[in-house]
Amino acid sequence: MVILPTTYWGPEAWYRRLLQAGETEVEVMESFVKQTYRNRCTILSPDGPLTLSVPVKKVESKQYTRDVEISYQSKWQHQHWMAIMSAYKHTPYFDYYQEFFRPFYERETRLLTELNEGIHEVVMHLLMNHPPENGLTRYPLKHTSDWSGLNLEACWGNGMSIMDLLFNWGPEALQILAKKEG
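Throughout this document, residue positions are counted from 1 along each chain, in the order its sequence is written. Only residues with pLDDT of at least 70 get local features here, since the model is predicted, and only at 80 or more are side-chain atom pairs given and counted; chain-wide, interface and lining totals rely on the full set of residues. In computing side-chain values, all of the structure's heavy atoms are included and hydrogens and water are not.

**Describing helix α6 (residues 162-169)**
Convention followed: The buried label goes to any residue with under 20% of its type's maximum accessible area, the exposed label to any with over 50%, and the partly exposed label to all in between, with areas taken from a 1.4 Å probe on protein chains only. Numbering of helices and strands starts at the N terminus; helices are DSSP runs of H or I of at least 4 residues and strands are runs of E of at least 2. A contact between two residues is defined here by any heavy atoms of the two lying within 4.5 Å.
In terms of burial, α6 is a largely internal element, 6 of the 8 residues being buried. Where the residues of α6 are buried, they touch α1 (12-21), β3 (40-45), α2 (76-88), α3 (94-101), α4 (112-127) and α7 (173-179). Following α6 by one or two positions, Gly 170 adopts a phi angle in the positive range, close to 50 degrees.

**Some thoughts on the pairing of β3**
Rule in force here: Strands are labelled as partners when DSSP assigns at least two bridges between them.
Two strands pair when backbone bridges link them, and β3 and strand β4 (residues 48-53) are joined in this way by 6 bridges, in the antiparallel orientation. Across the sheet, residue Arg 40 finds its bridge partner in β4, namely Ser 53. Linking β3 back to β4 in an antiparallel pair, the connection comprises 2 residues.

**As for the packing of α1 against α4**
Where we set the bar: Axis angles are defined between N-to-C directions and span 0 to 180 degrees, where every axis is a line fitted to C-alpha atoms and, for a helix, only to the segment in contact. Roughly parallel means an angle under 35 degrees; roughly antiparallel means over 145; roughly perpendicular covers 65 to 115; every other angle is labelled oblique. Helix crossings get a hand from a simple test, with the near helix turned counterclockwise from the far one by less than a right angle marking a left-handed crossing and a clockwise turn marking a right-handed one. Under the scheme applied here, ten amino acids are nonpolar (Ala, Val, Leu, Ile, Met, Phe, Trp, Tyr, Cys and Pro), four are charged (Asp, Glu, Lys and Arg), and all others, including Gly, are polar.
Across the interface, α1 lies against α4 with an axial gap of 13 Å and an inter-helix angle of 65 degrees. In terms of orientation, α1 and α4 fall into the roughly perpendicular class. Read as a crossing pair, α1 and α4 show a hand that is right-handed. Along its contact with α1, which presents Trp 14, Tyr 15, Leu 18 and Leu 19, the element α4 presents His 120, Val 123, Met 124 and Leu 127. Its residues assigned to classes, the contact of α1 with α4 shows 7 nonpolar, 1 polar and no charged.

**Quick notes on the packing of aromatic side chains**
Where we set the bar: Only centres within 6.5 Å qualify two rings of Phe, Tyr or Trp (six-membered ring in Trp) as a pair; their planes then separate them into stacked at under 30 degrees, edge-to-face at over 60, and tilted for everything else. By the criterion adopted, a ring carries a charge over it if an Arg CZ or a Lys NZ lies within 6 Å of its centre and within 35 degrees of its normal.
Across all of its chains, the model carries 14 aromatic pairs by this definition. Between Trp 9 and Phe 101, the aromatic rings sit 4.6 Å apart at their centres with planes inclined by 50 degrees, giving tilted as the arrangement. Residue Trp 9 is found in the loop between β1 (2-5) and α1, and its partner Phe 101 is found in helix α3; the two are separated by 92 residues along the sequence. No difference in accessibility class separates Trp 9 from Phe 101, as the two residues are buried. One aromatic cluster is present, formed by Trp 9, Tyr 72, Trp 76, Trp 81, Tyr 88, Phe 94, Phe 101, Tyr 105 and Phe 167 through successive ring pairs. A cation over an aromatic ring shows up here: Arg 40 above the ring of Tyr 37, its NZ or CZ 5.9 Å from the ring centre. We note Arg 107 situated over the ring of Phe 104; from NZ or CZ to the ring centre the distance is 5.0 Å.

**Notes on the pairing of strand β2 (residues 24-27)**
As a reminder, the rule being used: Here, the term right-handed applies to a crossover whose path from the first strand over the helix to the second runs clockwise when the strands point away from the viewer.
On β2, burial covers both faces: Thr 24 and Val 26 on one face and Glu 25 and Glu 27 on the other are all buried. Taken together, the 4 bridges between β1 and β2 define a ladder with parallel strand orientation. Residue pairing in the sheet places Leu 4 in a bridge with Val 26 of β2. One crossover worth recording links β1 to the parallel β2 by way of α1, and it is right-handed.

**A look at the pattern of salt bridges**
Definition in use: Throughout this description, the term salt bridge denotes a Lys or Arg side-chain nitrogen within 4 Å of a carboxyl oxygen of Asp or Glu.
Under the criterion given, the structure shown has 6 salt bridges. Linking Glu 30 and Arg 38 is a salt bridge whose minimum nitrogen-to-oxygen distance equals 2.9 Å. Summarising the burial analysis for this pair, Glu 30 and Arg 38 share the class buried. Between Asp 67 and Arg 66 there is a salt bridge, and its shortest N-O distance comes to 3.3 Å. Given the relative accessible area of 35%, Arg 66 is considered partly exposed. What emerges from the salt-bridge pattern is a single network uniting Lys 57, Glu 69 and Arg 110.

**Quick notes on the nonpolar core**
Defined as follows: To qualify as a nonpolar core, a set must consist of buried Ala, Val, Leu, Ile, Met, Phe, Trp, Tyr and Cys residues joined through side-chain atoms within 4.5 Å.
Membership of the largest hydrophobic core comes to 44 residues, with the highest contact counts inside it found for Trp 9, Ile 84 and Phe 101. Breaking this core down by element, the ones donating at least two residues are β1, α1, β3, α2, α3, α4, α6 and α7. For this core, the element with the highest residue contribution is α4, accounting for 8 residues. Residues in contact with Phe 101, not counting those within four places in the same chain, are Trp 9, Trp 81, Ile 119, Val 122, Val 123, Leu 126, Leu 166 and Phe 167.

Structure (structure tokens):
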């Protein structure tokens, strides 16, 4: 079994590891670390790599990742969706897949893990060529180890988000992930 940290639009290498592992759980009981893939992703914009970060509410002491709340003081959802559209609107599968992801940028989600889990569920359904439906099966959340000292960028590289692969390759994304070495 492999235990992975939660990610916002995780990088391709994260999904490759998830698919290779078979049984996988996502850790949410570690201490939240800012400026990691837990609340940010990198996309390939027309001007080069662009990092998108989900703002989180500040707390005075350490907190578990499962308790991290998203801040809506800025219009980050609109900014993220505009950046995603700008980066991927001309890709072969954006018109088809955008309908699955736009709702995440039109409604507020209280917890970061809920947002990440929702995006992840849609990504997995699309990778497996099963369009998402209402009542998606939740992936298991793990409550054990502490990733707080781990440099996720060293583990998953500085690669692009899985959305780059999905929007460009659509149903072939899974085979491409399987062929890449990571």
